[in-house]
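# Structure assessment
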Amino acid sequence: MSEAVRAGEAAALDAADGLAAKRAEFDLDDAVVYLDGNSLGAPPRGVAGRLADVVGREWGRLGIRSWEESGWWTAPERVGDRLGRLVGAAPGQVVAGDSTSVNVFKAVVAAIRMTRGAGEGGGEGEAPLRDEVLVDAATFPTDGYIASSAARMTGCRIRAVDAADMAREAGPRTAVALVNHVDYRTGRLHDLPGTTAALRAAGARTVWDLCHSAGALPVRLDADGADFAVGCTYKYLNGGPGAPAFLYVRRALQDRFDSPLPGWNSHADPFAMDPAYAPAGGAVRGRVGTPEILSLLALDAALDVWDGVDLAAVRAKSLALTDFFLRCVEAYVPQGGVESVTPRAHGERGSQVSLRYGPGAGEVMAELIRRGVVGDFRRPDVLRFGFTPLYTRFADAERAARVLGEVVAEARR
Ligand SMILES: *Cc1c(COP(=O)(O)O)cnc(C)c1O
């Protein structure tokens, strides 16, 4: 009975979904419910053809000429601007390239160096040197590893603080805080404008990691006064495995951005082959070496699916999907079988639902995948389901919850 009701509800929600037609732009297996777009987004259909052209014509026929004629050289900034639109950044502030890990390093070291300029403290009669790096206590591990190394290299100490407490914990010695916008494990959304403003008031900078928010919900980097942001493009932005990441440096800070990785691509005149380094202005300064053209242009093609898409509509559907999934889980999963660790409040939720299962969660997820429902398992006991509003249907949410209910019930026998 309840199954027919939920299935009918899903059908009605899908029929009324203004983004429903977007799904046809992705290459998806309809037999599978794919809820792992927060780990690896599905391929947009236009990518394969574009890559074939890049390899066959741009590389194969034009060869070296493509750096100019096919726009390869400036692709990091051009693709960066396309990403910028999706994270609320005006053109000229985002550059695409390298991994998120590498961009975390650039941003954190550059943020620390900014506090060490003339008159910025540490000198006689001045405020104490800013020598503290705050890192989100629940951060995705790579950010923490990189921030620790950056702290060691710059004579700072690192302190792990809950993202929600950053504003309170920042003090006169804080140089920078590195915060995950959405917690990868729980799906909790953190307060970007409030935290940024509080850190600014404390004289510190903030680096936001947007890996789980870019493409999943509206981000307003410029409007919210963000200093630095990084993010990956293979999750909700569907750029493909290992697609280039991005780095945002607020325009007002670009001239003071002193990159710890000043490769030749960020030189003001790279082909002068000058032994002395002179940084380029603008977003280019965030570049390092030769761009990863094949994956960068695959990402460029993948971004076509966003043309004309309103992030507010994406957010509305994301919340409706996760609300509906949670309701279906309540209806289908035996009492006490799972517990959501994702906040109920819309203002605190990203675009995923994480369910704590307890011992055996890994086996439950393996069984779900065998039955065509693909989520993932995060140790020790979390089942993670990512909802990508451009291609996830309400019917997918219903089926996933139904199969989860069956698997949990069978595991209890
Ligand atoms: C996925 C993810 C990363 C991944 O970093 P890579 O350098 O691409 O491996 C980093 N930070 C967060 C918060 C993530 O979710």
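All values derive from a computational prediction rather than experimental measurement.

## Remarks on the overall build of the protein chain
- Along the protein chain, the regular secondary structure elements total twelve helices and 13 strands.
- Taking 2.2 N^0.38 as the reference for a compact globule, 413 residues should give roughly 22 Å; the C-alpha atoms of the protein chain span a radius of gyration of 22 Å, in line with that estimate.
- When the 413 residues of the protein chain are sorted by exposure, 54% land in the buried category.
- Considering only contacts within the protein chain whose residues lie at least 6 apart along the sequence, 72% involve residues at least 24 apart.
- As displayed, the protein chain has an accessible area near 16,700 Å², and 55% of this comes from carbon and sulfur atoms.

## Some thoughts on empty space enclosed by the protein
- All told, the structure shown has three cavities of 30 Å³ or more when counted by the stated rule.
- As a volume, the largest cavity reaches approximately 80 Å³.
- In terms of lining, the largest cavity is formed by 13 residues, of which the most central are Ala96, Gly97, Asp98, Arg287 and Gly289.
- The residue inventory of the lining of the largest cavity, partitioned by class, reads five nonpolar, four polar and four charged.
- Contributing to the lining of the second largest cavity are Gln93, Val95, Leu247, Val249, Gln254, Phe257, Gly282, Ala283, Arg285 and Gly286.
- A per-class count over the lining of the second largest cavity returns five nonpolar, four polar and one charged.

## Some words on the UniProt feature "binding site: pyridoxal 5'-phosphate" (unreviewed entry) in the protein chain
- Per the UniProt record, "binding site: pyridoxal 5'-phosphate" (unreviewed entry) is found at Thr100, Ser101, Phe140, Pro141, Thr142, Asp143, Asp209, His212, Tyr234, Trp264 and Thr290. Spanning 191 residues, the named residues are also spread out in space, since their farthest C-alpha pair is 30.7 Å apart. Residues from the annotated list that form part of the lining of the largest cavity: Thr290.
- Its location among the elements puts Phe140 in the loop between strand E3 (132-136) and helix H6 (141-153).
- Ignoring anything within four residues of it in the chain, the contact list for Phe140 reads Asn180 and Tyr184.
- Mapped onto the elements of the fold, Asp209 is located in strand E6 (residues 205-209).
- With residues near it in sequence (within four places) discarded, Asp209 still touches Thr100, Asp143, Val179, Asn180, His181 and Val230.

## Some words on helix H9 (residues 293-302)
- Where burial is concerned, most of H9 is hidden: eight out of the ten residues are buried.
- Among the residues of H9, those classed as buried are Ile293, Leu296, Leu297, Ala298, Leu299, Asp300, Ala301 and Ala302.
- In this structure, the buried residues of H9 make contact with helix H2 (46-59), helix H3 (66-69), helix H4 (75-86) and strand E2 (94-96).

## Remarks on the packing of aromatic side chains
- One pass over the structure, following the stated rule, counts eleven aromatic pairs.
- Between the aromatic rings of Phe325 and Phe387, the centroid separation amounts to 5.1 Å while the plane-to-plane angle is 55°, which identifies the pairing as tilted. One end of the pair, Phe325, is in helix H10 (residues 311-332); the other, Phe387, is in the loop between strand E13 (382-386) and helix H12 (394-412), and 62 residues separate them in sequence.
- Assessed through its relative accessible area of 0%, Phe387 is described here as buried.

## Looking at the nonpolar core
- Membership of the largest hydrophobic core comes to 50 residues, with the highest contact counts inside it found for Leu83, Leu210, Leu221 and Trp306.
- Within the residue set of this core, elements represented by two or more residues are H4, E2, strand E5 (174-180), helix H8 (192-201), strand E8 (246-249), H9 and H10.
- When near neighbours in sequence (up to four residues on either side) are disregarded, Leu83 contacts Val94, Ala96, Thr233, Leu237, Phe246, Leu299 and Leu303.
- One finds Cys328, Val364, Met365 and Val407 within the second-largest nonpolar core, a separate group that totals 31 residues.

## What about the UniProt feature "modified residue: N6-(pyridoxal phosphate)lysine" (unreviewed entry) in the protein chain?
- Listed under "modified residue: N6-(pyridoxal phosphate)lysine" (unreviewed entry) in the UniProt record, and renumbered for this structure, are Lys235.
- Secondary-structure assignment places Lys235 in the loop between strand E7 (228-231) and E8.
- Filtering out sequence-adjacent residues up to four positions away, Lys235 remains in contact with Gly37, Asn38, Ser39, Gly41, Cys211 and His212.

## As for unusual backbone geometry
- Cis peptide bonds are those with omega within 30 degrees of zero, and the linkage from Arg379 to Pro380 qualifies with 5°.
- For Pro380, the position within the fold is in the loop between strand E12 (376-378) and E13.
- Here the phi dihedral of Asp98 falls at roughly 60°; this positive angle occurs in a residue that is not glycine.
- Asp98 sits in the partly exposed class, given a relative accessible area of 23%.

## Quick look at the pattern of salt bridges
- Under the counting rule described, the total for this entry stands at 40 salt bridges.
- Across the pair Arg370 and Glu367 runs a salt bridge, and its minimum N-O distance is 2.9 Å. Placement of both Arg370 and Glu367 in helix H11 (residues 361-370) is noted, with a separation of three residues, approximately one turn of the helix.
- Linked by salt bridges that have partners in common, Arg50, Arg78, Arg82, Asp300, Asp304 and Asp307 make up one network.

## Re the packing of H10 against H12
- Viewed as axis vectors pointing N to C, H10 and H12 meet at an angle of 25°, and their least axial separation amounts to 9 Å. Classified by the angle their axes make, H10 and H12 are roughly parallel. In this structure, H10 crosses over H12, and the sense of that crossing is right-handed. Along its contact with H10, which presents Lys317, Ala320, Leu321, Phe324, Phe325, Cys328, Val329 and Tyr332, the element H12 presents Phe394, Ala397, Glu398, Ala400, Ala401, Arg402, Leu404 and Gly405.
- Of the residues belonging to the contact of H10 with H12, the class tally is twelve nonpolar, one polar and three charged.

## Observations regarding the packing of H4 against H9
- At a closest axis distance of 10 Å, the pairing of H4 and H9 adopts a crossing angle of 30°. Taken as axis vectors, H4 and H9 run roughly parallel relative to one another. Crossing of H4 over H9 shows left-handed handedness. Each of Ala75, Pro76, Arg78, Val79, Arg82 and Leu83 in H4 lies in contact with H9, whose residues at this interface are Leu296, Leu297, Leu299 and Asp300.
- Of the residues that constitute the contact of H4 with H9, the class distribution is seven nonpolar, no polar and three charged.

Criteria and thresholds
Residues numbered from 1 in each chain as written. Predicted model: local features only at pLDDT ≥ 70, side-chain atom pairs only at ≥ 80, totals over all residues. Heavy atoms only, no water. Helix = DSSP H or I, 4+ residues; strand = E, 2+ residues; numbered from the N terminus. Rg over C-alpha atoms; globule rule 2.2 N^0.38 Å. Buried < 20%, exposed > 50% of the residue type's maximum accessible area, 1.4 Å probe, protein only. Contact = heavy atoms within 4.5 Å. Areas by Shrake-Rupley, 256 points an atom, 1.4 Å probe, with all protein chains shown as cover. 1 Å grid on protein atoms, 1.4 Å probe; cavity = no way out; pocket = protein on both sides within 12 Å on 5 of 7 lines; lining within 4 Å. Points joined across faces, edges and corners; volume = space filled by probe spheres on them. Nonpolar A, V, L, I, M, F, W, Y, C, P; charged D, E, K, R; others polar. UniProt positions renumbered as here; feature names shortened; annotations may be inferred. Phe/Tyr/Trp six-rings, centres within 6.5 Å; stacked < 30°, edge-to-face > 60°. Core = buried A, V, L, I, M, F, W, Y, C linked by side-chain atoms within 4.5 Å. Salt bridge = Lys/Arg side-chain N within 4 Å of Asp/Glu carboxyl O. Axes fitted to C-alpha atoms, helices over the stretch in contact; angles between N-to-C directions. Parallel < 35°, antiparallel > 145°, perpendicular 65-115°, else oblique. Left-handed = near helix turned anticlockwise from the far one by under 90°.

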